[in-house]
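An overview of the molecular structure
So you can see what is in the structure, the chains are spelled out below.
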Amino acid sequence: MAASRGKLLEFMMLVGQLKRVPRTGWVLRGVQNVESVADHMYRMAIMAFLLDGEGGLNRDKCIKIALVHDMAESIVGDIAPADGISKEEKHRREKEAMLHLSGMVGGEVGKELYSLWEEYEMESTAEAKAVKDLDKFDMVLQAFEYETLQNRPGQLQDFFNSTRGKFNYPSVQSWVEDLNRLRDNDDADNPLTRIVNPSTKRDPSSSSSDAQDKTSSR
């Protein structure tokens, strides 16, 4: 049975809490202006969009899993190892939260939300395993961004250490290699500098004009 309109609105508001739940790992490391769980999930979904489908991977399913994988944190918060809560208890709390959330939606969509979350937790499919890779990659990419933006080079090395050798999907492995190469080369042209500093941003229209000029000059 599908949920009532009122329940759906309440569900949307509850999921909106993810915008206000900070990622605990960064808070514990003294990072300023930390990302929210929603920030993390959104970029993971975009990353899933970029997967190449190698090995018959269902990219659309990966996007859905990325959007659902941390949804329980809208209720239980971002539980970190430093909280002293066992993996079993963490899973129990998150399962209870997901049963509540999926129940609010009801119907086939509610069942799908819970099924996708459980699939991720159990790593029972190739898609779930690929999204686990994305979860780790978004973490190290975010660590690199904090090191750059907050002038703390190398200070978040432990996040890189914890994921070394643990990436399995070929596309993600190549992204990790590119990130490590950029991080190890202090003299490299860091695209993040252009992105966050308006004075160094490129004008898309000028790039387009340059391309047209090159074409017309042939």
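Okay, so let's go over this structure. No experiment lies behind these values; they were computed from the predicted model shown.

**Quick word on unusual backbone geometry**
One non-glycine residue, E123, lies in the positive phi region at around 50°. Summarising the element assignment, E123 is placed in the loop between helix 7 (107-122) and helix 8 (126-149). Although it is not a glycine, N151 sits at a positive phi angle of roughly 50°. Looking at where N151 falls in the secondary structure, it is placed in the loop between helix 8 and helix 9 (157-163).

**What to know about the pattern of salt bridges**
One pass over the full model with this rule turns up 15 salt bridges. Here K7 and E10 are joined by a salt bridge, their closest N and O atoms 3.9 Å apart. Here K7 and its partner E10 are both found in helix 1 (residues 5-16), 3 residues apart, which amounts to about one turn of the helix. K7 sits in the partly exposed class, given a relative accessible area of 38%.

**What about the packing of aromatic side chains?**
If you walk through the whole model with that rule in mind, you get 4 aromatic pairs. Members of the aromatic cluster, joined through ring pairs, are W26, Y146 and F159. Taking NZ or CZ as reference, K132 lies 4.1 Å from the ring centre of Y120, over its face. The lysine or arginine in question, R183, covers the ring of F160, its NZ or CZ lying 3.8 Å from the ring centre.

**As for the nonpolar core**
Ranked by size, the top nonpolar core spans 44 residues in total, and within it W26, L51, M98, F137 and V172 carry the most contacts. Of all the elements in the fold, those that place two or more residues in this core are helix 3 (37-49), helix 4 (59-68), helix 6 (87-105), helix 7, helix 8, helix 9 and helix 10 (170-184). Of the residues forming this core, the biggest block, 10 residues, is contributed by helix 8. In contact with L51, other than residues within four places in its own chain, are L57, R59, C62, A130, L134, Y169, S171, V172 and W175.

**Section: the packing of helix 3 against helix 4**
Helix 4 packs onto helix 3 with a crossing angle of 170° between their chain directions and a minimal axis gap of 8 Å. By the criterion of interaxial angle, the relationship of helix 3 to helix 4 is roughly antiparallel. Along its contact with helix 3, which presents M41, M44, A45, A48 and F49, the element helix 4 presents R59, C62, I63, A66, L67 and V68. Class assignment for the residues of the contact of helix 3 with helix 4 results in 10 nonpolar, no polar and 1 charged.

**Description of the side chain of D138**
Turning to its location among the elements, D138 is positioned in helix 8. On the basis of relative accessibility, which here comes to 0%, the residue D138 falls in the buried class. Look past the residues within four positions of D138 in its chain and what remains in contact with it is E35, H40, R43, M44 and M47.

**Quick notes on the side chain of S102**
Within the secondary structure, S102 is located in helix 6. Side-chain polar atoms of S102 contact the backbone oxygen of L99, separated by 3.2 Å. Ignoring any residue separated from it by four or fewer positions in sequence, one finds S102 in contact with G110 and Y114.

**Side note on the environment of K95**
Within the secondary structure layout, K95 lies in helix 6. Each C-alpha atom, one on K95 and one on E121, is 9.6 Å from the other, the two residues being 26 residues apart in sequence. Residues in contact with K95, not counting those within four places in the same chain, are Y114 and W117.

Reading the values: rules and limits
- Residues numbered from 1 in each chain as written.
- Predicted model: local features only at pLDDT ≥ 70, side-chain atom pairs only at ≥ 80, totals over all residues.
- Heavy atoms only, no water.
- Helix = DSSP H or I, 4+ residues; strand = E, 2+ residues; numbered from the N terminus.
- Salt bridge = Lys/Arg side-chain N within 4 Å of Asp/Glu carboxyl O.
- Buried < 20%, exposed > 50% of the residue type's maximum accessible area, 1.4 Å probe, protein only.
- Phe/Tyr/Trp six-rings, centres within 6.5 Å; stacked < 30°, edge-to-face > 60°.
- Lys NZ or Arg CZ within 6 Å of the ring centre and 35° of its normal.
- Core = buried A, V, L, I, M, F, W, Y, C linked by side-chain atoms within 4.5 Å.
- Contact = heavy atoms within 4.5 Å.
- Axes fitted to C-alpha atoms, helices over the stretch in contact; angles between N-to-C directions.
- Parallel < 35°, antiparallel > 145°, perpendicular 65-115°, else oblique.
- Nonpolar A, V, L, I, M, F, W, Y, C, P; charged D, E, K, R; others polar.
- Polar contact = N/O pair within 3.5 Å; in protein donor to acceptor, adjacent residues only side chain to side chain.

None of this, on its own, says anything about what the molecule does.
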